[in-house]
There are 2 protein chains.
Amino acid sequence: MTAKKYVYDFAEGGAQLKSLLGGKGANLAEMTSIGIPVPQGFVITTDACVHFSRTGEYPEGLSQEIDSHLANLQKITGKTFGDPANPLLLSIRSGSVFSMPGMMDTVLNLGLNDTTVAGLAQSTGNARFAYDSYRRFINMFGDVVLGIDPQLFEDALTAKKAEVGAKLDTDLSAEDLKDLTVRYKRLLQQHAGRSFPDDPREQLDLAVGAVFKSWDNNRAKVYRQLNNIPDDLGTAVNVQMMVFGNKGETSGTGVAFTRNPATGASEFYGEWLLNAQGEDVVAGVRLPRPLIELKDVMPEIYAELDGIRQKLEAHYRDMQDVEFTIEDGKLYMLQTRNGKRTAAAALQIAVDMVESGMITKEEGLGRIEPDALDQLLHPTLDPKAKAEPLTSGLNASPGAASGMVVFTANEAERRGELGEKVILVRWETNPDDIHGLVYAQGVITSFGGMTSHAAVVARGMGRPCIAGASEVKIDPTGTYFTVGDTAVRENDWITMDGSTGRIYLGKVPLAPPQISGNFDKVLHWADEVRVLGVRTNADTPEDARRAREFGAEGIGLCRTEHMFMQQERLPHVRNMIMAETTEDREVHLAELLPFQREDFEGLFRAMEGLPVTIRLLDPPLHEFLPDYVTVSVQLEHMKCTGASPEEIAEQEKLVAKVKQLHEMNPMLGTRGCRLGIQWPEIYAMQVRAIMEAACNVMAESGKVPQVEIMIPLVGFWVELKMMRELTEKTADAVLAERNVEIPYKVGTMIELPRAAVTADEIAQYADFFSFGTNDLTQTTLGFSRDDAEGKFLTFYTKQGILKANPFQKLDQDGVGRLVAMAKEKSRAVNPTIKLGICGEHGGEPSSIDFCHRVGLNYVSCSPFRVPLARLAAAQAALNKGAGPASNA
Amino acid sequence: MTAKKYVYDFAEGGAQLKSLLGGKGANLAEMTSIGIPVPQGFVITTDACVHFSRTGEYPEGLSQEIDSHLANLQKITGKTFGDPANPLLLSIRSGSVFSMPGMMDTVLNLGLNDTTVAGLAQSTGNARFAYDSYRRFINMFGDVVLGIDPQLFEDALTAKKAEVGAKLDTDLSAEDLKDLTVRYKRLLQQHAGRSFPDDPREQLDLAVGAVFKSWDNNRAKVYRQLNNIPDDLGTAVNVQMMVFGNKGETSGTGVAFTRNPATGASEFYGEWLLNAQGEDVVAGVRLPRPLIELKDVMPEIYAELDGIRQKLEAHYRDMQDVEFTIEDGKLYMLQTRNGKRTAAAALQIAVDMVESGMITKEEGLGRIEPDALDQLLHPTLDPKAKAEPLTSGLNASPGAASGMVVFTANEAERRGELGEKVILVRWETNPDDIHGLVYAQGVITSFGGMTSHAAVVARGMGRPCIAGASEVKIDPTGTYFTVGDTAVRENDWITMDGSTGRIYLGKVPLAPPQISGNFDKVLHWADEVRVLGVRTNADTPEDARRAREFGAEGIGLCRTEHMFMQQERLPHVRNMIMAETTEDREVHLAELLPFQREDFEGLFRAMEGLPVTIRLLDPPLHEFLPDYVTVSVQLEHMKCTGASPEEIAEQEKLVAKVKQLHEMNPMLGTRGCRLGIQWPEIYAMQVRAIMEAACNVMAESGKVPQVEIMIPLVGFWVELKMMRELTEKTADAVLAERNVEIPYKVGTMIELPRAAVTADEIAQYADFFSFGTNDLTQTTLGFSRDDAEGKFLTFYTKQGILKANPFQKLDQDGVGRLVAMAKEKSRAVNPTIKLGICGEHGGEPSSIDFCHRVGLNYVSCSPFRVPLARLAAAQAALNKGAGPASNA
């Protein structure tokens with residue numbers, strides 16, 4: 001039996017050994033294997049860690065293996081561990097198979113002691129740097145390896161600075177730092193119960209054990225639990241030679257991208273510093289120089305680097321972001337990884353690489369973050385502008401805009417019509433405000449969430465919206481708002497970024513939307529690949545047309561309540577609600593019928609025979625009435641100020657109706673089909689309007705509309721059965737009157753847990769299901785979106801209790817299980833049932849991936865998310881989507 | 001091959017043939033088989049119906065079989081079909097295996113025509129009766145067999161009455177009725193497109209076919225779907241000789257019970273009428289005579305009947321309710337079935353039958369409706385009092401009471417302390433009202449639901465409560481209330497029945513609670529049999545003691561918020577909520593700590609070492625603050641009426657805090673562990689109070705309290721993990737301070753769908769789960785109890801869309817599936833986890849049966865439901881519970 005091998009030189013490994021070497025180790029070995037110069041070293045395998053975790057001891061033979069690999073490393077580098085003249089210094093880093101950033105421990109500059117520090121000082125010609133490195137090493141070693149509270153070292157540093165009158169760490173001299181090393185070692189002795197180990201080999205043994213142990217520290221365990229990473233994998237340990245770019249005029253350091261990360265152009269792009277360490281670049285103390293200047297200063301190094309650039313791209317087949325250090329005229333690559341890039345660059349690089357044959361179309365699709373497409377559709381803040389945000393709220397609708405502050409919708413309309421740029425700032429919005437939105441560049445509300453009227457309408461129109469900006473306090477005079485001590489007056493310019501939720505004072509430069517030919521090209525690749533259909537949520541013909549331009553294949557959700565909210569209709573809606581008898585109500589419904597018919601005609605025309613799913617009225621009726629508190633306070637005011645008895649009586653009637661309809665928990669109240677069941681005349685009017693519109697559009701265009709009528713909030717099959725009967729009776733009557741045949745489908749939203757667990761019963765009465773994952777999330781999690789966002793949910797996500805907002809990313813473990821269950825149950829009894837999703841998750845990549853995996857037919861999202869959804873659906877089909885995600 | 005047999009004489013069948021003969025047919029055959037005289041006849045099997053359903057035709061040979069059984073029947077009865085002198089008349093009734101009352105069709109008096117009607121007139125000496133029977137037969141035949149709208153016959157009757165100036169049907173003479181038969185036959189001819197069939201044999205064929213068809217009528221299909229009855233069973237058809245009790249002085253009719261149904265005493269009990277039909281007894285035109293008088297009038301018949309009484313009890317082994325008819329001195333039993341009885345009678349009969357050895361204890365347990373026990377614990381309206389209710393509301397807490405109306409809690413307290421009987425009537429209650437409840441006989445609220453403070457507290461105290469009596473409108477002066485036009489003033493006497501929700505004017509006589517020795521006897525039998533534990537929901541030591549007297553084995557739910565609501569604590573609670581900083585909040589929490597500790601000491605003392613499950617604070621904090629509308633209106637009032645700037649500023653601060661905490665959907669907002677996670681100091685105070693109390697009670701009594709700490713509203717495992725850590729840290733600190741060991745458990749409520757579908761993850765951190773089925777019903781169904789009851793849910797149950805209120809009977813198809821799933825998932829990872837239920841379903845028989853079947857460990861219910869739960873749990877164990885139930 002051969003002894004198990006626990007240590008690999010970089011030259012021995014490669015990407016195929018990732019489960020033994022971890023991600024970082026495998027990558028270093030990979031670079032070595034293709035001849036890229038990396039600071040050499042070796043990897044101690046995850047197997048060794050697993051053994052250590054179980055037994056608390058190194059496996060048999062590990063020490064000897066380390067000895068022999070260390071000897072080899074000394075031979076390769078020409079440096080010796082503990083050599084006072086030219087000491088070998090090492091970094092010791094964890095590296096597990098799955099990335100766990102910051103969860104485990106690292107030790108740098110290992111090998112320093114009172115003797116070798118002098119060698120470092122000499123070879124770098126920088127005693128201050130040497131002693132600072134030494135001080136940091138003792139601190140890190142004490143903390144990571146010996147478990148000493150790092151605050152003790154921090155306190156000693158502060159004390160020293162006070163003694164010598166230094167303000168910043170950089171004010172300390174080499175002598176000061178040398179003195180600190182003495183103090184640090186004393187501290188270490190006191191608190192660790194042992195002296196600082198001068199022997200580098202002992203340092204190494206202790207450090208490797210500490211990294212092994214860090215696999216089982218608490219935060220790493222929680223991280224693994226949150227990310228579904230098995231506990232028994234262990235981490236590898238990378239032991240690597242330290243290199244220094246600050247050894248003089250033949251040394252240096254830099255970062256580079258193999259292509260331009262801003263534009264995607266195929267050019268070598270980067271920055272470097274002569275005689276400097278990597279941290280100098282980051283710290284910004286010295287101004288880095290463009291990479292091209294390296295060509296003049298060190299032409300051979302530059303040529304080598306450019307060769308490496310091509311080699312790396314050819315090998316990794318993607319744009320790379322590299323770090324390099326030049327030590328005494330020798331180039332070392334410290335790291336290579338796929339480079340981050342702007343949305344435009346991502347498109348450009350993918351198209352270039354596909355067209356040059358470097359990658360396939362399928363690979364090209366996988367290289368583009370779906371969210372990047374969304375960025376390209378909206379103006380953004382100019383990335384070069386470095387503005388400080390004044391405050392922030394929820395990123396309710398993406399895009400950036402600048403404008404003058406106005407506080408009323410009427411003012412927004414008046415000024416907007418004059419061609420002025422205004423931003424509407426409101427406490428919260430109600431239906432009466434919506435006309436102001438048409439003329440504003442964007443809208444900001446202090447209250448309200450992602451589903452407020454303002455947010456929904458703004459998303460449909462592609463206008464930026466920030467909701468729930470709770471620090472924005474509008475003065476009751478309505479002439480200014482404050483954020484803390486800052487007052488912003490009417491007509492002051494502000495800039496908002498709906499993609500991030502940030503608000504800025506003044507005009508911050510914007511970058512325009514960047515739709516290029518690449519955009520369409522990539523989306524057509526996506527369409528060739530994807531399995532999921534992509535529809536849109538659209539309430540108006542304009543929304544519908546825009547969504548079709550973006551490639552929507554139908555309307556997955558038309559919310560008829562937004563039609564009721566329009567200013568000229570609201571009085572009819574209110575009369576209908578205030579009606580005391582069915583007859584009276586029918587009179588007012590008849591007044592609404594022509595409006596509704598016209599709405600639907602517009603939609604059917606815009607969609608030209610593509611499917612149109614119309615949801616019958618869903619919200620509780622009190623949403624169409626004024627607020628209960630407001631009308632009560634008005635009544636009190638009228639009483640106090642001596643209004644006439646008639647006026648008071650009228651107001652009392654209004655208060656009584658509002659109180660009667662007022663609900664403790666409207667989300668769980670009289671809404672959805674509960675309205676249609678109690679007042680069937682409302683749904684009957686809507687179905688009649690839909691079918692009359694379909695008949696009219698068919699008559700004028702000759703195209704047969706694909707009508708899909710959706711009953712909301714079904715929890716019991718009998719509800720759907722009743723509403724299906726009502727729908728069929730009404731629709732068939734219209735078709736008989738018109739003497740035409742238009743096929744139509746009847747289906748329901750699945751938005752209650754009960755609907756999901758009894759989907760087999762409900763599916764017997766449904767031609768289609770659309771998962772209303774907004775509401776399904778609310779009921780499954782018991783989260784009212786209005787009350788969660790900005791309150792406990794924000795607390796949860798900030799604290800990391802939840803990894804993601806479940807209203808943005810579908811909660812696959814909870815809500816997703818109900819969706820999967822409903823799919824299984826419904827298809828079992830009704831194999832041809834069409835299944836889609838129309839919650840906002842329909843426009844979010846990880847959720848789209850889930851929809852693909854679970855086997856839905858289509859996703860539906862807001863018009864501006866359609867391109868994103870097409871791409872995400874393609875990635876899901878290529879199994880390059882986000883994969884299973886967990887919110888907890 | 002023998003031809004299949006489709007027709008059975010009663011004498012050929014018996015209970016074992018129920019699936020062929022249906023329930024009614026089998027029972028008639030059963031009585032025949034034990035020698036009970038029933039009007040003879042035969043049964044056409046369900047098989048024949050199934051054949052007819054499939055093919056639309058009689059099966060081969062059925063007509064011939066009917067012919068031969070009809071011939072036999074003529075022989076037995078001595079009457080002949082169509083004989084003008086002594087005609088055989090038949091009833092044709094459906095009778096399926098599962099009872100489907102009123103769903104299918106019946107035809108009576110078949111065999112009548114213009115000739116035989118004269119024979120009937122002669123044999124009964126009552127021409128009016130004969131023609132009335134004939135008229136009814138034509139009507140019924142036209143409607144049921146030929147599908148004619150019965151309104152047509154109704155209109156003809158009305159017209160005839162108008163012609164002859166008759167007000168009532170009974171004002172019509174024999175001649176009038178004879179004329180009507182002519183008109184009816186004409187109508188039938190016009191609308192059925194055929195003449196009335198004079199031939200009795202043709203009548204029979206058509207009627208049998210019509211009954212077959214009625215199996216597939218729409219209402220029967222829906223009924224079967226609602227009741228999970230298969231569609232392919234078919235119905236049997238019972239063809240039976242009609243008998244007449246109105247043939248003179250040797251005829252009669254009556255009903256009887258084999259024991260006294262009011263008291264359970266073993267005595268023959270009933271009523272009869274000489275020379276009368278059954279409908280005469282029901283119609284109440286003639287006063288029935290006590291059964292004992294039959295002994296004088298027809299001693300032989302009485303003796304025969306008394307013999308049958310004993311035979312039936314011996315055979316059916318339960319108290320029977322029988323109908324009988326005497327035709328020409330011959331006794332016929334028309335029906336026997338288990339008799340309905342009062343709660344007291346049910347106990348008495350069960351105990352008597354068990355003690356006499358007629359039935360086993362297990363059978364005895366199955367004979368008592370669990371709800372009956374609940375009746376016995378509370379005063380009821382005297383069943384003899386025939387009061388008309390003024391109005392009604394929700395039956396929020398059972399029991400009846402009379403008292404004088406008062407409108408404030410203070411007045412209730414003042415008057416109650418003087419020993420007066422008062423009933424507190426409130427618009428709705430808030431925590432400030434609760435002290436008034438202690439002194440009131442009962443409470444009525446216009447608003448609020450089954451979970452309002454008043455309802456919960458009243459149930460705990462065993463006081464009657466009617467909530468949501470929406471017709472009760474209290475005048476703003478607070479001196480009277482109105483219901484429609486009726487005004488009820490302060491000090492007027494009213495009577496309320498919390499078991500039915502009805503309210504009466506004046507003093508209606510009450511019957512006292514009726515706990516007898518039988519009560520305890522039966523419950524001890526139940527304890528021997530049941531598997532489920534029975535705990536109580538109790539918030540006070542008084543509740544706990546009462547529940548223990550009723551047999552509770554622990555506290556399954558102590559809601560700590562009710563402790564916060566007490567008057568002397570509310571100011572501290574409000575200060576705690578208004579606190580701006582953690583430090584400030586901790587100061588006020590420290591003031592609450594001694595109160596809480598005292599609360600828990602009381603509970604631990606009362607339970608003497610039995611388990612006590614304490615739920616940490618659950619409701620949203622704004623529940624402890626005044627109402628948002630009220631404080632806003634107050635503020636407006638203060639502004640209008642010139643209050644001082646300081647007062648206004650103070651009120652504005654209150655309004656701002658209430659607004660800040662105000663939630664759109666508090667049920668889905670910041671409550672449960674979301675409080676504990678954001679403000680851990682609140683839960684820490686509660687845990688400290690619990691553990692200090694446990695230490696104190698252990699020190700004083702030597703008994704170790706069984707502490708179970710329950711974290712509410714967990715949806716994500718990480719929430720429970722965090723709260724478990726907080727609990728353990730706090731509890732262990734207390735135990736260390738006191739230097740004692742008290743084991744304690746930490747668990748959670750399962751009250752969110754997400755908790756149910758991820759129960760395997762959550763169970764890793766839980767010692768127990770308690771299903772909070774009130775909230776789980778709310779979220780699973782999307783029903784806010786406050787907004788559903790009295791509104792759409794009441795509409796649904798009244799319309800039969802839902803068969804039961806899912807807050808009363810567990811929705812087994814929806815919520816129940818989640819409970820079962822959570823049980824499977826949790827036990828799979830944590831086999832010893834203790835599972836219980838603490839929603840109100842824990843005190844409802846069909847839900848308790850479900851809990852037994854699904855394998856929970858215990859149910860927990862309000863103190864007064866404990867006896868019921870013990871019995872229902874025993875029935876569940878004996879598989880005599882309600883079985884699977886469906887709400888839809």
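Residues numbered from 1 in each chain as written. Chains lettered and ligands numbered in written order. Predicted model: local features only at pLDDT ≥ 70, side-chain atom pairs only at ≥ 80, totals over all residues. Heavy atoms only, no water.

### Some points on the overall build of chain A
Step number 1: From N to C terminus, chain A includes 35 helices and 31 strands.
Step number 2: By principal-axis analysis of the C-alpha atoms, chain A measures approximately 100 × 70 × 55 Å.
Step number 3: The buried share of chain A, taken over its 888 residues, is 58%.
Step number 4: A fraction of 68% describes how many contacts in chain A between residues 6 or more apart in sequence connect residues 24 or more apart.
Step number 5: Within the structure as shown, chain A displays about 34,500 Å² of accessible surface, and the carbon and sulfur contribution to it stands at 50%.
Step number 6: Averaged over its 91 positive side-chain charges, chain A has a centre that lies 3 Å from the centre of its 119 negative ones. (Helix = DSSP H or I, 4+ residues; strand = E, 2+ residues; numbered from the N terminus. Buried < 20%, exposed > 50% of the residue type's maximum accessible area, 1.4 Å probe, protein only. Contact = heavy atoms within 4.5 Å. Areas by Shrake-Rupley, 256 points an atom, 1.4 Å probe, with all protein chains shown as cover. Lys, Arg positive; Asp, Glu negative; His and termini not counted. Charge placed at Lys NZ, Arg CZ, Asp CG, Glu CD.)

### Thoughts on the sheet that holds strand S8 (residues 289-290) of chain B
All names here are of chain B.
Step number 1: Across the sheet, which stays open at both edges, the five strands sit in the order S8-S7-S6-S9-S10 with antiparallel pairing between neighbours. At either margin of the open sheet sits one strand with a lone partner, and together these are S8 and strand S10 (330-338).
Step number 2: In terms of strand pairing, strand S6 (residues 252-257) meets strand S7 (residues 269-274) through six bridges, oriented antiparallel. The residue bridging Gly254 from the neighbouring strand is Trp272, located in S7.
Step number 3: Strands in contact with helix H12 (residues 299-316) are strand S9 (320-327) and S10; relative to S10, the strand with the most contacts, it is inclined by about 30 degrees. (Pairing = 2+ DSSP bridges. Axes fitted to C-alpha atoms, helices over the stretch in contact; angles between N-to-C directions.)

### What to know about empty space enclosed by the protein
Left-over empty space is what a probe sized like a water molecule reveals as it rolls over the atoms.
Step number 1: For the structure shown, the criterion picks out three cavities of 30 Å³ or more.
Step number 2: Each pocket or cavity is described by its volume, and for the largest cavity that value is around 70 Å³.
Step number 3: The wall of the largest cavity is formed by Lys79, Asn86, Pro87, Leu89, Leu120, Ser123, Met242, Phe244 and Lys247 of chain A.
Step number 4: Empty space within the second largest cavity amounts to approximately 50 Å³.
Step number 5: Lining the second largest cavity are Lys79, Asn86, Pro87, Leu89, Leu120, Ser123, Phe244 and Lys247 of chain B.
Step number 6: Grouping the constituent residues of the lining of the second largest cavity by class yields four nonpolar, two polar and two charged. (1 Å grid on protein atoms, 1.4 Å probe; cavity = no way out; pocket = protein on both sides within 12 Å on 5 of 7 lines; lining within 4 Å. Points joined across faces, edges and corners; volume = space filled by probe spheres on them. Nonpolar A, V, L, I, M, F, W, Y, C, P; charged D, E, K, R; others polar.)

### Thoughts on the packing of aromatic side chains
Step number 1: Evaluated as defined, the whole model comprises 36 aromatic pairs over all chains.
Step number 2: For the ring pair Phe564 of chain A and Phe624 of chain A, a centre distance of 5.9 Å and an interplane angle of 45 degrees mean the geometry is tilted. With Phe564 of chain A in helix H21 (residues 560-564) and Phe624 of chain A in the loop between strand S26 (611-615) and helix H24 (628-640), this residue pair connects regions lying 60 residues apart in the sequence. We note that Phe564 of chain A, like Phe624 of chain A, is buried.
Step number 3: Here the aromatic cluster, defined as three or more aromatic residues joined through ring pairs, consists of Tyr134, Phe137, Phe141 and Phe196 of chain A.
Step number 4: Just above the ring of Trp215 of chain A sits the side chain of Arg224 of chain A; from NZ or CZ to the centre is 3.8 Å.
Step number 5: The positively charged end of Lys507 of chain B is found above the aromatic ring belonging to Trp493 of chain B, 4.1 Å away from the centroid. (Phe/Tyr/Trp six-rings, centres within 6.5 Å; stacked < 30°, edge-to-face > 60°. Lys NZ or Arg CZ within 6 Å of the ring centre and 35° of its normal.)

### Focus on the relation of the copies chain B and chain A
Step number 1: The transform that puts chain B on chain A rotates by 180 degrees and translates by 0.0 Å along the axis, for an RMSD of 0.3 Å. Such values leave the two copies arranged in the relation of a two-fold axis. Considering only C-alpha atoms, the residue of chain B closest to the rotation axis is Asn665 of chain B, which sits at 2.1 Å.
Step number 2: The share of interface residues of chain B whose copies in chain A are also at the interface is 100%, consistent with both copies meeting through the same surface. (Least-squares fit on C-alpha atoms with pLDDT ≥ 70 in both.)

### A closer look at the interface of chain B and chain A
Step number 1: Counting residues at the interface gives 64 residues for chain B and 66 residues for chain A.
Step number 2: Between chain B and chain A lies a buried interface of about 5,700 Å² when both sides are counted; carbon and sulfur atoms form 61% of it.
Step number 3: Considering only the surface of chain B that becomes buried against chain A, Leu668, Phe716 and Arg754 of chain B emerge as the three largest contributors, covering 11% of it.
Step number 4: Here Arg817 of chain B ties to Asp760 of chain A by a salt bridge, and the two come within 3.9 Å at their closest N and O atoms.
Step number 5: Residue contributions to the side of chain B that touches chain A peak at seven residues, all from helix H24 (residues 628-640) of chain B.
Step number 6: By residue class, the composition of the side of chain B that touches chain A is 32 nonpolar, 16 polar and 16 charged. (Buried area = accessible area lost by both parts, 1.4 Å probe. Salt bridge = Lys/Arg side-chain N within 4 Å of Asp/Glu carboxyl O.)

### Points about the nonpolar core
Step number 1: Formed by 291 residues in total, the largest nonpolar core has its most connected members in Phe604 and Met691 of chain A together with Phe604 and Met691 of chain B.
Step number 2: Apart from residues lying up to four places away in sequence, Phe604 of chain B is in contact with Gly609, Val612, Ile614, Ile690, Ala693, Ala694, Val697, Pro705 and Val707 of chain B. (Core = buried A, V, L, I, M, F, W, Y, C linked by side-chain atoms within 4.5 Å.)

### Topic: helix H6 (residues 150-164) of chain A
All names here are of chain A.
Step number 1: Taking 1.5 Å per residue, 15 residues should reach 21 Å; H6 reaches 22 Å between its end C-alpha atoms and fits that length.
Step number 2: Those residues of H6 that fall on the buried side of the exposure criterion are Phe153, Ala156, Leu157, Lys160 and Lys161. Along the axis of H6, the buried residues cluster in a sector spanning 135 degrees; they form a single face.
Step number 3: A side-chain oxygen of the first residue of H6 lies 2.9 Å from the backbone nitrogen of Gln151; this N-cap is Asp149.
Step number 4: Trailing H6 by a residue or two, Gly165 shows a phi angle of about 70 degrees, which is positive. (Expected span 1.5 Å × (residues − 1). Arc of directions from axis to C-beta. Polar contact = N/O pair within 3.5 Å; in protein donor to acceptor, adjacent residues only side chain to side chain.)

### Section: the pattern of salt bridges
Step number 1: Within the structure shown, the criterion is met by 131 salt bridges over all chains.
Step number 2: Glu692 of chain A is paired through a salt bridge with Arg597 of chain A; the nearest N and O atoms lie 2.5 Å apart. Taken together, the residues span a long stretch of sequence, with Glu692 of chain A in helix H27 (residues 680-701) and Arg597 of chain A in helix H23 (residues 582-607) at a distance of 95 residues.
Step number 3: Look at Arg597 of chain A and you get partly exposed, because its relative accessible area is 22%.
Step number 4: In this structure, Arg224 of chain B engages Asp216 of chain B in a salt bridge whose closest nitrogen and oxygen atoms are separated by 3.8 Å.
Step number 5: Residues joined by salt bridges that share partners form a network here, namely Glu561, Arg615, Asp618, Arg671 and Asp775 of chain A.

### Let's talk about the confidence of the model for chain A
Residue and element names in this part refer to chain A.
Step number 1: Here chain A averages 91 in pLDDT, and 97% of its residues register 70 or above.
Step number 2: Below a pLDDT of 50 lies the segment residues 881-888, which in the model reaches 33 contacts outside its immediate sequence neighbourhood of four places, other chains included.
Step number 3: Interface confidence for the predicted complex, expressed as ipTM, amounts to 0.79; the pTM equals 0.80. (pLDDT = per-residue confidence, 0-100.)

### Thoughts on a negative patch on the surface
All names here are of chain A.
Step number 1: A surface patch of like charges, here negative, comprises Asp143, Asp149, Glu154 and Asp155.
Step number 2: Position of Glu154 among the secondary structure elements: in helix H6.
Step number 3: Look at Glu154 and you get partly exposed, because its relative accessible area is 39%. (Patch = residues over 30% accessible without salt bridge, like charges linked within 9 Å, V, L, I, M, F, W, Y side chains within 5 Å.)

### Some remarks on the sheet that holds strand S18 (residues 473-474) of chain B
Residue and element names in this part refer to chain B.
Step number 1: Reading across from one edge, S18-S19-S20 is the order of the three strands in this open sheet, with antiparallel pairing throughout. Of all strands in the sheet, those bounded by a partner on one side alone are S18 and strand S20 (486-489).
Step number 2: Judged from the four bridges that link them, strand S19 (residues 480-483) and S20 form a sheet pairing that is antiparallel. Residue pairing in the sheet places Phe481 in a bridge with Val488 of S20.

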